[in-house]
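An overview of the molecular structure
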Amino acid sequence: MHKLAYDLHIHSCLSPCGDKDMTPGNIVAMSKLKNLDVIAVTDHNSCKNCAPVLKWADEYDIIAIPGMELTTREEVHVLCLFSELSDAMNFDAYVYDKLIKVTNNESVFGPQDICDNEDNVSGSEPYLLINATNIAFDELDRLMGEFGGIYIPAHIDKNSNSLLYNLGFIPPEAGFRTAELADPAKYESLAALHPYLTKCNIISDSDAHYLGHINEARNFLYCTDKSRKGVIEALSAVK
C-alpha cells in the first residue's frame, strides 16, 4: 500500500480567478517543494492546461491527475478526474459545447491563459469559464461512465457553489464515492444530517489560486498502485 500526499483541487492561470504565476510548470515545481506525491489541476470547466501539467509532473516525478472543476446547471462545483488525458480532453470538448457562452472581460474577471509544454502562454480562452454549463448534477453518473472518469462534489461544506448549499440534499440516486470538504472537522455534523456521506471517502484540498496556497503534505491517500489509475481506484473504492 502506498501512502501518497495529495492536493486534488488546484487552479492554473487558465481559471480567471487563478494568479498569472499559476502556470503548469510553477504549480508542479511548488508541489514538489511541498512534498506532494499527487496533484490535480482542476480549472473551471476546462482541461486545456492538463497536458503541460502532466509533462512537468513527469519531469518532477509527481503523479498528476487530469481534471476540471465543472459547474453544473445548478451552479454546483464538482471535481471531475480522469486516469487518461485523452478521456479528460474528450470531456473538455463535451463541456465546452455545454458552457453558457459569455465573452470574458479580462479587466473584471482576469485573463484565462492556455500554456504550452515550455510553460509559455500560447493562447487564451475567450469565453468566461466560471459560468454554469447546461449539465445537470444528476447527469454525472452517466457522463463519467461514458467518459471514463469519476466525480467528486467540491467543498460541500461551503455556503456557495456546493452540493449541499445549492441543492440542499444529496440526490438518492447519486453514485459518487468521494466528497470534498474544505474543513474536515465539519464531517461528523454533516454526516449526521446526510447519512450518504458515511459511505464516502472524504478528501480536503487547497482550492489554490496562488502558488503559496497549494497544500503542504498533510493529507494522504492510500493506494495499492502508485499511478494515476491507482489514485482513481482509491477515490472510487467503496468505504
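Our structure's up above, just so we're on the same page.
What comes next concerns the included structure. Bear in mind that the values here come from a model prediction, so they are computed numbers and not experimental data.

A separate point is the overall build of the protein chain. Tallying secondary structure elements over the protein chain gives 8 helices and 10 strands in all. With the C-alpha coordinates aligned to their principal axes, the bounding extent of the protein chain is approximately 45 × 40 × 30 Å. When burial is assessed residue by residue, the protein chain has 55% of its 239 residues classed as buried. Expressed as a percentage of contacts within the protein chain between residues at least 6 apart in sequence, the contacts between residues at least 24 apart total 72%.

Mapped onto the elements of the fold, Thr42 is located in strand E2 (residues 38-44). Setting aside chain neighbours within four positions, we find Thr42 in contact with Leu8, His9, Ile10, His11, Gly67, Met68, Glu69, Leu79 and Leu81.

Here the focus is the pairing of strand E4 (residues 77-82). E4 sits mainly inside the fold: 6 of its 6 residues count as buried. Here E4 shows no split at all, with His77, Leu79 and Leu81 on one side and Val78, Cys80 and Phe82 on the other all buried. For strand E3 (residues 63-71) and E4, the ladder comprises 5 bridges, and the chain directions are antiparallel. The partner of Glu69 across the bridge, within E4, is Leu79. Relative to strand E7 (residues 149-153), E4 is paired through 5 bridges, and the arrangement is antiparallel. Bridging across to E7, Cys80 finds its partner in Tyr151.

In this section: the environment of Lys101. Mapped onto the secondary structure, Lys101 falls in the loop between helix H3 (85-98) and helix H4 (106-109). Given the relative accessible area of 36%, Lys101 is considered partly exposed. Residues Lys101 and Pro126, 25 residues apart in the sequence, show an inter-C-alpha distance of 9.2 Å. Leave out the neighbours within four places in its chain, and Lys101 touches Tyr96 and Tyr127. Here the side chain of Lys101 touches Tyr96 through a polar contact of 2.4 Å, landing on its backbone oxygen.

Turning to H3, a few remarks are in order. The first and last C-alpha atoms of H3 sit 20 Å apart over 14 residues, in line with the 20 Å expected at 1.5 Å per residue. Buried within H3 we find Ala88, Phe91, Asp92 and Val95. The buried residues of H3 occupy an angular sector of 115 degrees when projected down its axis, which confines them to one face. Residues of H3 that are buried in the fold lie against E3, E4 and helix H5 (140-147).

Next up on the list: the sheet that holds strand E10 (residues 220-223). Spatially, E7-E4-E3-E2-E1-E10 is the arrangement adopted by the 6 strands of the open sheet, whose pairing is mixed. Across the chains shown, the open sheet's two edge strands, defined by having one partner strand only, are E7 and E10. The sheet shows a mean angle of 30 degrees between the axes of neighbouring strands, taken without regard to direction. Pairing geometry for strand E1 (residues 2-10) and E2, over 3 bridges, is parallel. The residue bridging Tyr6 from the neighbouring strand is Val38, located in E2. With respect to the sheet, helix H1 (residues 24-33) is in contact with E1 and E2, its orientation differing from that of E2 by roughly 145 degrees. The strands touched by H5 within the sheet are E3, E4 and E7, with E7 carrying the most contacts at an inclination of about 150 degrees.

Before going further, it helps to examine the side chain of Glu180. Within the secondary structure layout, Glu180 lies in strand E8 (residues 178-180). An unpaired buried charge is present at Glu180: no salt bridge exists, and Lys158, the closest side chain of opposite charge, is 7.2 Å distant. Among the polar contacts listed, one links the side chain of Glu180 to the backbone nitrogen of His155, at a separation of 2.7 Å. Not counting residues up to four positions away in its chain, the partners in contact with Glu180 are His9, Leu79, Ile152, Pro153, Ala154, His155, Ile156, Asp157, Ile203 and Asp205.

Parameters at a glance
- Numbering of residues begins from 1 in every chain and follows the order in which that chain's sequence is written.
- Totals for whole chains, interfaces and linings use all residues, but because this is a predicted model, local features are given only for residues with pLDDT of at least 70 and pairs of side-chain atoms are given and counted only at 80 or more.
- Note that the side-chain values use all heavy atoms of the structure and ignore hydrogens as well as water.
- Helix numbers and strand numbers start at the N terminus; a helix is a DSSP run of H or I with at least 4 residues, a strand a run of E with at least 2.
- Under the scheme applied here, a residue whose accessible area is under 20% of the maximum for its type counts as buried, over 50% as exposed, and between as partly exposed, the area being computed with a 1.4 Å probe on protein chains only.
- We call two residues contacting when some pair of their heavy atoms lies within 4.5 Å.
- Two strands pair under a simple rule: DSSP has to find at least two bridges between them.
- Think of a polar contact as two N or O atoms within 3.5 Å of one another; within protein, one of them needs to be a possible hydrogen donor and the other a possible acceptor, and neighboring residues in sequence only count if both atoms come from side chains.
- Residue count minus one, scaled by 1.5 Å, sets the expected span of a helix.
- This arc describes the spread of directions from the helix axis toward the C-beta atoms.
- Inter-axis angles, ranging from 0 to 180 degrees, are taken between N-to-C directions of lines fitted to C-alpha atoms, where helices are fitted over the stretch in contact.
- The sign given to each residue is positive for Lys and Arg and negative for Asp and Glu; His and the chain ends receive no count.
- Salt bridges are defined by distance alone: a side-chain nitrogen of Lys or Arg within 4 Å of a carboxyl oxygen of Asp or Glu.

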